[in-house]
Amino acid sequence: MQAELTSKDLSTFGFLGYPVLQAADIIMYKAYGVPVGVDQLPHVELTREIARRFNFLYKEVFPVPEPLLTSVPKLLGIDGRKMSKSYDNSIYLSDRGKELHQKVAAMFTDPQRMRKKDPGNPEICNVFTFHGLYSPKETVAEINKACRVAGIGCIECKKMLAARIEEALAPVHERMDYYLSHLQDIHYIFSVGNGRATKIARRTMEEVREAVKV
Ligand code: SF4
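Since the structure is predicted, the reported quantities are computational estimates derived from the model, not experimental observations.

1. Here we look at the domain arrangement of the chain
- Each assigned domain of the chain is listed with its residue range as follows: domain 1 (13-73 + 183-212) and domain 2 (85-172).
- Between the C-alpha centres of domain 1 and domain 2 there is a distance of 35 Å.

2. Some thoughts on the packing of helix 5 (residues 126-134) against helix 6 (residues 137-148)
- Their axes nearest at 8 Å, the elements helix 5 and helix 6 cross at an angle of 160°. Classified by the angle between their axes, helix 5 and helix 6 sit roughly antiparallel to one another. Where helix 5 crosses over helix 6, the two elements pack in a sense that is left-handed. From helix 5, Phe-128, His-131 and Gly-132 reach across to helix 6, where they touch Val-140, Ile-143 and Asn-144.

3. Here we look at the site of the ligand
- Around the ligand, the neighbouring residues are Thr-109, Asp-110, Arg-113, Cys-125, Val-127, Phe-128, Cys-147, Ile-152, Cys-154 and Cys-157.
- Put simply, the ligand lies in the largest cavity.
- Looking at the shell around the ligand, the elements that each hand over two or more residues are helix 5 and helix 7 (154-180).
- Of the residues assigned to the shell around the ligand, the class counts are seven nonpolar, one polar and two charged.

4. Overview of the packing of helix 5 against helix 7
- Where helix 5 meets helix 7, the closest approach of the two axes is 10 Å, and the angle between their N-to-C directions is 35°. Considering how the two elements wind past one another, helix 5 and helix 7 form a crossing that is left-handed. Residues Val-127, Phe-130, His-131 and Tyr-134 of helix 5 touch helix 7, and the partners they reach there are Cys-157, Lys-158, Met-160, Leu-161, Arg-164, Ile-165, Ala-168 and Leu-169.
- When its residues are assigned to classes, the contact of helix 5 with helix 7 shows nine nonpolar, one polar and two charged.

5. Topic: the nonpolar core
- Membership of the largest hydrophobic core comes to 18 residues, with the highest contact counts inside it found for Ile-91, Val-104, Met-107, Val-127, Phe-130, Leu-161 and Ile-165.
- Counting residues per element, the ones that place at least two in this core are helix 4 (97-105), helix 5, helix 6 and helix 7.
- For Leu-161, the contacting residues outside a window of four places in its chain are Val-104, Met-107, Val-127, Phe-130, His-131 and Tyr-134.
- Grouped together as the second largest cluster of nonpolar side chains are 11 residues, Ile-26, Val-34, Phe-54 and Phe-62 included.

What counts, and at which threshold
Residues numbered from 1 in each chain as written. Predicted model: local features only at pLDDT ≥ 70, side-chain atom pairs only at ≥ 80, totals over all residues. Heavy atoms only, no water. Domains from an automatic or database assignment. Axes fitted to C-alpha atoms, helices over the stretch in contact; angles between N-to-C directions. Helix = DSSP H or I, 4+ residues; strand = E, 2+ residues; numbered from the N terminus. Parallel < 35°, antiparallel > 145°, perpendicular 65-115°, else oblique. Left-handed = near helix turned anticlockwise from the far one by under 90°. Contact = heavy atoms within 4.5 Å. Near = heavy atom within 4 Å. 1 Å grid on protein atoms, 1.4 Å probe; cavity = no way out; pocket = protein on both sides within 12 Å on 5 of 7 lines; lining within 4 Å. Sits in = over half its atoms within 2 Å of the grid points. Nonpolar A, V, L, I, M, F, W, Y, C, P; charged D, E, K, R; others polar. Core = buried A, V, L, I, M, F, W, Y, C linked by side-chain atoms within 4.5 Å. Buried < 20%, exposed > 50% of the residue type's maximum accessible area, 1.4 Å probe, protein only.

This is the structure in structure tokens:
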């Protein structure tokens, strides 16, 4: 553990500056909730601590934000590692058609299940976790049963999943297509959002300066 800690350069400003910057990005706009996955909970906790500390030392300025988790707070990448752009293992909201189906077909499953006739364990299968998010409850229950008695193959299970993801993301793709051909709408949304955020940030900073007397 010690070796691991010393192998990283903990003395750089990044170790302090990055989490503080993230906290500032949240509390500057007086957010009450932050939509995150479980991996980001420590970041939100640090943000909460910074907000609490400021409020205690100076004045109640910041709401202490709560993490907003979904019913599936953790989704792994297609290779079973943390989903990350740098691992090139993500399924993007923009993925569709052949690209989406290829990614789902490449997903890691229960590693103990070598052949179709081997019973599987959905509890340790990433494909099953995705089904939990994208498939109806009855389908999830059927797969849960069938997988354990080798009543369904992984290829079939993945094809079902790809179809479900595609179906669920269809409205997202429709809106993406619309906005990509109406770039002026995107600029308008950005500028309205930017105006609202700037107003809130200015007001917050006035309160901060007043509280710390600078
Ligand atoms: S059948 Fe589905 S849930 Fe079972 S191991 Fe294969 S991909 Fe996973």
